[in-house]
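For reference, the chains in residue letters:
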Amino acid sequence: MTTDSSLLNSELELQQQEELYQQLLLQTMGQMQTENPDSKVIRPLPGICVKTVSEADKRKVFVNICQSHSVPQPPELSREELVELLQSEDPSGFRVPMSLGEPHTEVDNSSQGCTAYDVVVNQEFFQKCQKDPLFQQFVILVSLEGLENKYSLELSRDWKVLKNRKFLGSVSEQNIRTKSRPVIQELQPQESVTATARRPEFTLLVEPPVGDPEYLIAEIKLPGVLSSRSLVLDVGEDRLVLSARPSLFYLDIFHPFLINQEKSVAQYNIRTQILTVTMPVVSS
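Treat the numbers as computed from the prediction; the structure is a model and nothing was measured.

**Quick look at the nonpolar core**
The biggest cluster of nonpolar side chains holds 27 residues, and the ones touching the most others in it are Val63, Ile65, Phe138 and Leu147. Secondary-structure elements contributing two or more residues to this core are β2 (45–53), β3 (60–68), α4 (79–87), β6 (113–122), α5 (123–130) and α6 (133–151). Broken down by element, the residue count for this core peaks at 9 residues, all from α6. Dropping the residues within four chain positions of it, valine 63 is found in contact with Ile48, Cys49, Val50, Tyr117, Val119, Leu144 and Leu147. Core analysis: the next-biggest nonpolar cluster, separate from the first, contains 22 residues, Ile220, Leu233, Ala266 and Val277 among them.

Printed below as a string of structure tokens:
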């Protein structure tokens, strides 16, 4: 993949004091990560192992629902409130904080290959769910939905909780966020931002266009934005959030790829007023 170096050099000459990359530094890049650590590595405790299948190919999928005090608790929820929630039109409106691990290949009891995912929820919440079958079904459901949203899966709701196995494979460490990043904290409350800000035009490109994707490139048009200093950008593993202050533009999108956040870079061309975010793809 090549870039037009003449454009970049021209912008750097015009904006020598702009600190272009510093203002658009992505989530876990280099020095900021060291000076402002906001994530930590945890080793969760096993909980329950749920067996299901992928609807696309009917292959076995195992979901290890684990527990850790490092994951925040969801809002307090009584059994009566849970029943009302499940009967409501939008049960997904109740958010359960969780850490979703990457897929790993395992071998089941029949010596057949399968895929396993690790989901970590708050330990007290997990223990509460174990005391009530309805809560257990709920935590399984939100875990499946979380994996489906992150990895573009479709998992069968005909699941089975394994009685004699709490975990398939070996318990792996997970890197979890301990607090919201400053770029997110600086955003105005979403109600006020989205009420006045416009959704900018944007294009998502895959490089190369055929074969296994190596890069996901977002090109975002920001007419009227004269400086990168007014931009607040956050790139997650599968999400991009951009705010152009004061309340000019607001963009919050999910994409179907797992991104290498540390190697992602962003450039703003003040002549064309286009922000280009180049994100290496780890897997699709």
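On we go.
**Description of the packing of aromatic side chains**
Taken as a whole and judged by the stated rule, the model has 1 aromatic pair. With centroids separated by 5.4 Å and ring planes inclined at 40°, the aromatic side chains of tyrosine 117 and tyrosine 151 adopt a geometry described as tilted. Of the two residues, tyrosine 117 is situated in strand β6 and tyrosine 151 in helix α6; the sequence distance between them amounts to 34 residues.

**A word on the sheet that holds strand β11 (residues 231–235)**
Read from one edge of the open sheet, 3 strands run β11-β12-β13, paired in antiparallel fashion. One side of each edge strand has no neighbouring strand; the edge strands of this open sheet are β11 and β13 (249–254). Here the strands of the sheet are splayed against their neighbours by 5° on average, with no regard to which way each runs. When β11 meets strand β12 (residues 239–244), the two strands line up antiparallel, connected through 5 bridges. Looking at the pairing, valine 235 lines up with leucine 240 of β12.

**Examining α6**
Between its first and last C-alpha atoms α6 spans 27 Å; for 19 residues at 1.5 Å apiece the expected length is 27 Å, and the two agree. At the N-terminal boundary of α6, the capping side chain belongs to aspartate 132, with an oxygen 2.8 Å from the backbone nitrogen of leucine 134. One or two residues past the end of α6 sits serine 152, with phi positive at roughly 55°.

**So, α5**
Taken residue by residue, α5 has Gln123, Phe125, Phe126 and Cys129 as its buried positions. Down the axis, α5 shows its buried residues gathered within 160° of arc, on one side only. Packed against the buried residues of α5 are β2, β3, β6 and α6.

**A look at the environment of serine 68**
Within the secondary structure, serine 68 sits in strand β3. Expressed as a C-alpha distance, the spacing of serine 68 and proline 46, which sit 22 residues apart in the sequence, is 9.1 Å. Residues within four places of serine 68 in sequence aside, it is in contact with Ile42, Pro44, Val120, Val121, Asn122 and Gln123.

Criteria and thresholds
Residues numbered from 1 in each chain as written. Predicted model: local features only at pLDDT ≥ 70, side-chain atom pairs only at ≥ 80, totals over all residues. Heavy atoms only, no water. Core = buried A, V, L, I, M, F, W, Y, C linked by side-chain atoms within 4.5 Å. Buried < 20%, exposed > 50% of the residue type's maximum accessible area, 1.4 Å probe, protein only. Helix = DSSP H or I, 4+ residues; strand = E, 2+ residues; numbered from the N terminus. Contact = heavy atoms within 4.5 Å. Phe/Tyr/Trp six-rings, centres within 6.5 Å; stacked < 30°, edge-to-face > 60°. Pairing = 2+ DSSP bridges. Axes fitted to C-alpha atoms, helices over the stretch in contact; angles between N-to-C directions. Expected span 1.5 Å × (residues − 1). Polar contact = N/O pair within 3.5 Å; in protein donor to acceptor, adjacent residues only side chain to side chain. Arc of directions from axis to C-beta.

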